[in-house]
Amino acid sequence: MSEEFLKCQLGFLGNTEGSAYLSQGKSTVSVSVVGPFEPKASKCMYDRATIDVTFRRKTGSITVHDKMLEGIMQSTCEKALVVEQYPRTTIVVTVQEMQDRGNLLSTCLNASCMGLMNSGIAMHHLYAAVSCAVTEKEEIILNPDESQINSSVAYFTLVFANSETRCLLTSHTTGEFSQKTYIDCMDKCYAASKEVFNFYQKVIKRSSIFN
């Protein structure tokens, strides 16, 4: 993945602990992170932080599909954060779609990871999401565009942790595919996730220089 494909600005929002503005291909997402802060008593958990992820569309109301995407973001963030370090608090992550031209879920997930990194909240691991499409001829296309997604027979978004061994955190799939196709897609997406992690390092290093 080239730096033309991935572009990010950290800390661009005020009154937040962390924020990220990420362009991934032609899709763009902004993320804000607020907290940890003391929540209402009804949301308080005595032994850990409560994570509240909200996804917002650029226009229009949230659909059932959007709520499913929100749930995937929520579970991925919860796995990554050291919630036990912040008992009786809430951490709010707001994901705002700016432009959707394909691979929106992976863009949202990568933006949320960068926003959390920028916040300084303790994390077990970073995570990187990669999407791919499978054609009728069983060709695997990484980071497909809208037309490639629409004409594909299967579409995957896979999320990996930056651990020493391959650790698949989240898997979202649509369409029909064989076990071999799934494994082949996982191999390609895992290799591509390393490039995303390298991009994270470059952005953090660049941000620390300017700060």
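About the cut-offs
- Residues numbered from 1 in each chain as written.
- Predicted model: local features only at pLDDT ≥ 70, side-chain atom pairs only at ≥ 80, totals over all residues.
- Heavy atoms only, no water.
- Helix = DSSP H or I, 4+ residues; strand = E, 2+ residues; numbered from the N terminus.
- Contact = heavy atoms within 4.5 Å.
- Salt bridge = Lys/Arg side-chain N within 4 Å of Asp/Glu carboxyl O.
- Buried < 20%, exposed > 50% of the residue type's maximum accessible area, 1.4 Å probe, protein only.
- Phe/Tyr/Trp six-rings, centres within 6.5 Å; stacked < 30°, edge-to-face > 60°.
- Pairing = 2+ DSSP bridges.
- Axes fitted to C-alpha atoms, helices over the stretch in contact; angles between N-to-C directions.
- Left-handed = near helix turned anticlockwise from the far one by under 90°.
- Nonpolar A, V, L, I, M, F, W, Y, C, P; charged D, E, K, R; others polar.

Student: Would you take a moment to explain the side chain of Glu70 for this structure?
Tutor: By secondary structure assignment, the location of Glu70 is in helix H1 (residues 64–80). Discounting chain neighbours no more than four positions away, the residues touching Glu70 are Val53, Thr54 and Phe55.

Student: Sorry if this is basic, but what is going on with the pattern of salt bridges here?
Tutor: A pair can form between side chains of opposite charge whenever their charged atoms are brought close. Taken as a whole and judged by the stated rule, the model has 6 salt bridges. Its salt-bridge partner being Arg57, residue Asp100 comes within 3.5 Å of it at the nearest N-O pair. In this pair, Asp100 is assigned in the loop between strand E5 (90–99) and helix H2 (104–119) and Arg57 in the loop between strand E4 (50–56) and H1, connecting sequence segments 43 residues apart. Of the charged contacts in the structure, one is a salt bridge between Asp187 and Arg166, with a shortest N-O distance of 2.7 Å. Of this pair, Asp187 sits in helix H4 (residues 179–210) while Arg166 sits in the loop between strand E8 (154–161) and strand E9 (168–175), and the two are 21 residues apart along the sequence. When its relative accessible area of 36% is taken as the criterion, Asp187 is described as partly exposed.

Student: Is there a simple way to explain the packing of aromatic side chains in this structure?
Tutor: One pair of aromatic rings is described through two measures. These are the centre distance and the angle between the planes. On inspection of all chains with the given rule, the structure shows 6 aromatic pairs. Taking 5.6 Å as the distance between ring centres and 80° as the angle between the ring planes, the aromatic pair formed by Phe12 and Tyr21 counts as edge-to-face. Classification of Phe12 as partly exposed rests on a relative accessible area of 28%. Each ring, one from Phe197 and one from Tyr200, has its centre 5.9 Å from the other, and the planes form 80°; the classification is edge-to-face.

Student: Would you take a moment to explain the sheet that holds strand E7 (residues 140–142) for this structure?
Tutor: Through backbone hydrogen bonds, the strands of a sheet pair up, either in parallel or in antiparallel fashion. Taken in spatial order, the 4 strands make up an open sheet running E7-E6-E8-E9, and their pairing is antiparallel. Each having just a single partner strand, E7 and E9 make up the two edges of the open sheet. The average angle at which neighbouring strand axes cross in this sheet is 20°, direction not considered. This element, H1, spans strand E6 (127–134), E8 and E9 of the sheet and lies at about 165° to E9. Contacts from H2 reach E6, E8 and E9 within the one sheet, and its direction differs from that of E6 by about 170°.

Student: What is the right way to look at the packing of H1 against H2 in this model?
Tutor: Packing of H1 against H2 brings their axes to within 10 Å, and their N-to-C directions diverge by 35°. As for how H1 packs across H2, the hand of that crossing is right-handed. Contact with H1, carried on its side by Leu69, Ile72, Met73, Thr76 and Cys77, involves Leu105, Cys108, Leu109, Ser112 and Leu116 of H2 and no other residues of that element. Broken down by class, the residue content of the contact of H1 with H2 amounts to 8 nonpolar, 2 polar and no charged.

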